[in-house]
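Below are the chains, spelled out letter by letter.
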Amino acid sequence: MDDMAHKALIVGNWKMELAHKASLEHVRAVKKLLRNVEILADVVVCPAFPQLPEVAAALKTSTKIQVGAQAVHWEEQGAFTGAVAIAQVKPFAAWCIVGHSETRELTNMSEEHVRDTAMLLLKHGITPIVCVGESLVERQAEKTVERVTEQIGTLLSGVTRAGLAKLVVAYEPIWAISGNLKDGTGEMPDPSDVAEIVLLIRKLTATRFDAEAAGRLRVIYGGSVKPENVSAYVSEPGVNGVLLGSASINAVQFVEIVKKVQGLVD
Ligand code: PGA
């Protein structure tokens, strides 16, 4: 089911870490470090909303780094103070993270909202990177499989076969995310446990569609990924890349991870 070649994917989620000037300096530093590197992967950076236009402008001539948004509202338009609509990110972003655990918590996002956001993005030609994963309590209660099954089930209930080809799923156990205030443990899952959940995601996709469609789906891992541990995760079968938080705001670490991942994903 996962014997197809996938283009590796490395996504940097800057969260609200970099102020305006720092965002631009950071993206210039990444660009410089990648100057002599042949890029075989999709490399995506996700700045905060106010920085999207300038980061996109700074990368306009770059064929190596693409731009994504960190979130978008599930409604296409309306009176939602403080939220950002798809039309407002569309000129700048070709990718968008959906249902990150921090976004879910902040915006009271349900599984249906996650699905609807992914469908809205697909309709607008933006690639959704949909985050799924269990909380610390769910892990302790051994409910990981149940939780991910529920999340993928709801997501796939709205996605067509054509949409699936453009979808990315990121498995992010919430307890493994560094800096997560409520659930963060400082621990990471065993790479083989990640491979098991990635396989589960593909099996569920194969049941809903078929093995061929499931094999084509890109699935990545996120949570405390660093240059020193990334190889163990992307060497696992079926893991097509990584979603990075803290390592993505360090230019040297980010580029080191890009180099490692694109040499290992198949
Ligand atoms: P982290 O964040 O790499 O800092 O753990 C990952 C994420 O939240 O996407």
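Residues numbered from 1 in each chain as written. Predicted model: local features only at pLDDT ≥ 70, side-chain atom pairs only at ≥ 80, totals over all residues. Heavy atoms only, no water.

A. Representation of the site of the ligand in the model. Residues in close proximity to the ligand include Asn-13, Lys-15, His-100, Glu-172, Ile-177, Ser-178, Gly-223, Ser-224, Leu-243, Leu-244, Gly-245 and Ser-246, which together make up its full environment. His-100 places a polar side-chain atom, nitrogen or oxygen, 2.7 Å from an oxygen atom of the ligand. At a separation of 2.7 Å, an oxygen atom of the ligand approaches a polar side-chain atom of Glu-172. In the complex, 99% of the free accessible area of the ligand, which totals 280 Å², lies under the protein chains. Here the shell around the ligand is composed, by residue class, of 3 nonpolar, 7 polar and 2 charged. (Near = heavy atom within 4 Å. Polar contact = N/O pair within 3.5 Å; in protein donor to acceptor, adjacent residues only side chain to side chain. Areas by Shrake-Rupley, 256 points an atom, 1.4 Å probe, with all protein chains shown as cover. Nonpolar A, V, L, I, M, F, W, Y, C, P; charged D, E, K, R; others polar.)

B. Molecular detail of the pairing of strand β2 (residues 42-46). Of all 5 residues in β2, 5 are buried, a share of seventy percent or more. Here β2 shows two buried faces, one formed by Asp-42, Val-44 and Cys-46 and the other by Val-43 and Val-45. In the sheet, strand β1 (residues 9-13) pairs with β2 via 5 bridges, with the strands oriented parallel. Counted as the bridge partner of Leu-9 is Asp-42 from β2. On the question of chirality, the crossover connecting β1 to the parallel β2 by way of helix α1 (residues 20-33) is right-handed. As paired elements, β2 and strand β3 (residues 66-69) share 2 bridges and run parallel to each other. Pairing of Val-45 across the sheet is with Val-67, part of β3. Regarding topology, helix α2 (residues 52-58) serves as the crossover connection from β2 to the parallel β3, and that connection is right-handed. (Buried < 20%, exposed > 50% of the residue type's maximum accessible area, 1.4 Å probe, protein only. Helix = DSSP H or I, 4+ residues; strand = E, 2+ residues; numbered from the N terminus. Pairing = 2+ DSSP bridges. Right-handed = clockwise from strand over helix to strand, strands pointing away.)

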